[in-house]
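Reading the structure
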Amino acid sequence: MALRLPLGKKGYSESYGDFYLFPEGRGGRTTPGHLFIDLSIEKNFSLPQGFVLTLRLNSFNLLNSQRPISFVKEDTTLFG
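Thresholds applied
Residues numbered from 1 in each chain as written. Predicted model: local features only at pLDDT ≥ 70, side-chain atom pairs only at ≥ 80, totals over all residues. Heavy atoms only, no water. Helix = DSSP H or I, 4+ residues; strand = E, 2+ residues; numbered from the N terminus. Buried < 20%, exposed > 50% of the residue type's maximum accessible area, 1.4 Å probe, protein only. Contact = heavy atoms within 4.5 Å. Areas by Shrake-Rupley, 256 points an atom, 1.4 Å probe, with all protein chains shown as cover. Salt bridge = Lys/Arg side-chain N within 4 Å of Asp/Glu carboxyl O. Phe/Tyr/Trp six-rings, centres within 6.5 Å; stacked < 30°, edge-to-face > 60°. Lys NZ or Arg CZ within 6 Å of the ring centre and 35° of its normal. Patch = residues over 30% accessible without salt bridge, like charges linked within 9 Å, V, L, I, M, F, W, Y side chains within 5 Å.

Another point: the overall build of the chain. Along its length, the chain carries 0 helices and 6 strands. The helix and strand sequence of the chain, counted from the amino end, reads β-β-β-β-β-β. Residues counted as buried form 10% of the 80 residues belonging to the chain. For the chain, the share of sequence-separated contacts (at least 6 apart) that also reach a separation of at least 24 residues comes to 42%. When the accessible surface of the chain is summed, it comes to about 6,800 Å², and 57% of that surface belongs to carbon and sulfur atoms.

Right under this line is the structure:
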């Protein structure tokens, strides 16, 4: 399943005490669908005197999707 996050455009309002607002409503848009796969492997080793040593290997974005997962929300030419 592809991940689609809500995205809302932030606008600036001088008339309301220099306040940022969402002229299209919060979450009025969504990001493009994105699928990424992460992998985590963990192994515990028992040590003397009740100690435990944990080794963990994490690998993120295995398929190297090269897609953005965060976007500019301000109402500028860089929006989205």
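Turning our attention to the pattern of salt bridges. Across all of its chains, the model carries 1 salt bridge by this definition. Here Arg56 ties to Glu42 by a salt bridge, and the two come within 2.8 Å at their closest N and O atoms. Placement of the pair is Arg56 in strand β6 (residues 52-59) and Glu42 in strand β5 (residues 39-46), with a sequence separation of 14 residues.

Tallied over the entire structure, the rule returns 0 aromatic pairs. Residue placement shows Lys43 over the ring face of Phe45; its charged tip is 5.7 Å from the ring centre.

With respect to the helices and strands, the residue Gly33 is situated in the loop between β4 (29-30) and β5. You can call Gly33 partly exposed: its relative accessible area is 23%. As for Gly33 and Arg67, which are separated by 34 residues in sequence, their C-alpha atoms are 9.5 Å apart.

With that out of the way, let us pick up a nonpolar patch on the surface. A cluster of nonpolar side chains, contributed by Leu35, Ile37, Leu39, Ile41, Leu57, Leu62 and Leu63, occupies part of the molecular surface with about 670 Å² of accessible area. You can see Ile41 is positioned in strand β5. The class for Ile41 is partly exposed, based on a relative accessible area of 48%.

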